[in-house]
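Below, each chain spelled out in residue letters.
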Amino acid sequence: MAAAEISHIGKIVDIAPDFITVEIVAESACATCHAAGLCGTADATHKAVSVPATMGDWHVGQEVQVLLRRSMGFKAVWLAYAIPLVVLMAVLLGLNAAGFGELASGLAAIAAVGVYYVFLWLFRDRLKNEYSFYIKEK
């Protein structure tokens, strides 16, 4: 694995002509703790990732590495967290400075972030094409 990639171990659950579906387990930091069974805060979620089918001898149940370029991970963080925070703060502080009340400013800021996420949802197909995962044998 190169330093420019984000990697997760997964298991192939379905193979279609164009896509291979891989299930990865996203674990919290607590899930790998030796006392995780005792404290009850450990959690792990299963996520299915569709990967474009590549040449290879793939079969259902095979363990593989799911890879994504690190730069795409950073872009996802910006789109999901950093930009909405900037939108929230800009609208909140801008309306507050313009003399609107705190309640109106707060509600407008939350609505602005909601509109931002609606735009992300509308452009999901375009974003989906930019974020391409690929797999290789474990």
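Residues numbered from 1 in each chain as written. Predicted model: local features only at pLDDT ≥ 70, side-chain atom pairs only at ≥ 80, totals over all residues. Heavy atoms only, no water.

K.L.:
I'm lost on the overall build of the protein in this one. Help?
P.N.:
The secondary structure content of the protein amounts to 4 helices and 5 strands. Sorting the 138 residues of the protein into buried and exposed places 21% on the buried side. Look at the contacts in the protein between residues 6 or more apart in sequence, and 69% of them connect residues 24 or more apart. Accessible surface for the protein amounts to roughly 9500 Å². Of this, 66% is attributable to carbon and sulfur atoms. (Helix = DSSP H or I, 4+ residues; strand = E, 2+ residues; numbered from the N terminus. Buried < 20%, exposed > 50% of the residue type's maximum accessible area, 1.4 Å probe, protein only. Contact = heavy atoms within 4.5 Å. Areas by Shrake-Rupley, 256 points an atom, 1.4 Å probe, with all protein chains shown as cover.)

K.L.:
Sorry, what's going on with the side chain of Gln 62 here?
P.N.:
Looking at the secondary structure, you find Gln 62 in the loop between strand E3 (44-52) and strand E4 (63-69). The residues contacting Gln 62, other than those within four sequence positions of it, are Gly 10, Lys 11, Ile 12, Asp 57 and Glu 137.

K.L.:
Quick question: what am I supposed to make of the nonpolar core here?
P.N.:
Buried together is how nonpolar side chains tend to be arranged in soluble globular proteins. Judged by nonpolar contacts, Ile 12, Ile 20, Val 22, Ile 24, Val 49, Val 51, Trp 58, Val 64, Val 66 and Ile 135 together constitute the single largest core of 10 residues. Elements represented by at least two residues in this core include exactly strand E2 (19-27), E3 and E4. When residues in this core are grouped by element, the largest group, 3 residues, is from E2. If we skip the residues at most four places from it in the chain, Val 22 touches Gly 10, Lys 11, Ile 12, Lys 47, Ala 48, Val 49, Val 51, Val 64, Val 66 and Ile 135. Listed in part, the 6 residues of the second largest apolar core include Leu 68, Met 72, Tyr 116 and Tyr 131. (Core = buried A, V, L, I, M, F, W, Y, C linked by side-chain atoms within 4.5 Å.)

K.L.:
How should a nonpolar patch on the surface be read in this particular structure?
P.N.:
A contiguous nonpolar patch, built from Val 115, Val 118, Phe 119, Trp 121, Leu 122 and Phe 123 and spanning about 630 Å² of accessible area, is present on the exposed surface. With respect to the helices, strands and loops of the structure, Leu 122 is situated in helix H3 (residues 102-122). (Patch = residues over 30% accessible without salt bridge, like charges linked within 9 Å, V, L, I, M, F, W, Y side chains within 5 Å. Salt bridge = Lys/Arg side-chain N within 4 Å of Asp/Glu carboxyl O.)

K.L.:
Would you mind showing me how to read the packing of aromatic side chains here?
P.N.:
How two aromatic rings sit relative to each other is given by the distance of their centres and the angle of their planes. Throughout the structure, instances matching the rule amount to 1 aromatic pair. Between the aromatic rings of Tyr 116 and Tyr 117, the centroid separation amounts to 5.5 Å while the plane-to-plane angle is 65°, which identifies the pairing as edge-to-face. Above the ring of Trp 121, the side-chain terminus of Arg 124 is found at 4.1 Å from the ring centroid. (Phe/Tyr/Trp six-rings, centres within 6.5 Å; stacked < 30°, edge-to-face > 60°. Lys NZ or Arg CZ within 6 Å of the ring centre and 35° of its normal.)

K.L.:
Looking at this structure, how should I read the pairing of E4?
P.N.:
Strand residues, when the strand is regular, have side chains that alternate between the two faces of the sheet. Of all 7 residues in E4, 5 are buried; the element is thus mostly enclosed. Summarising the sheet, strand E1 (residues 5-15) and E4 pair through 7 bridges and their orientation is antiparallel. Bridging across to E4, Glu 5 finds its partner in Arg 69. As defined by bridge partners, E4 adjoins strand E5 (residues 134-137) across 4 bridges and the pair is classed as antiparallel. Residue pairing for E5: Val 66 is matched across the bridge by Ile 135. (Pairing = 2+ DSSP bridges.)

All quantities given are derived from atomic positions and should not be read as evidence of function.
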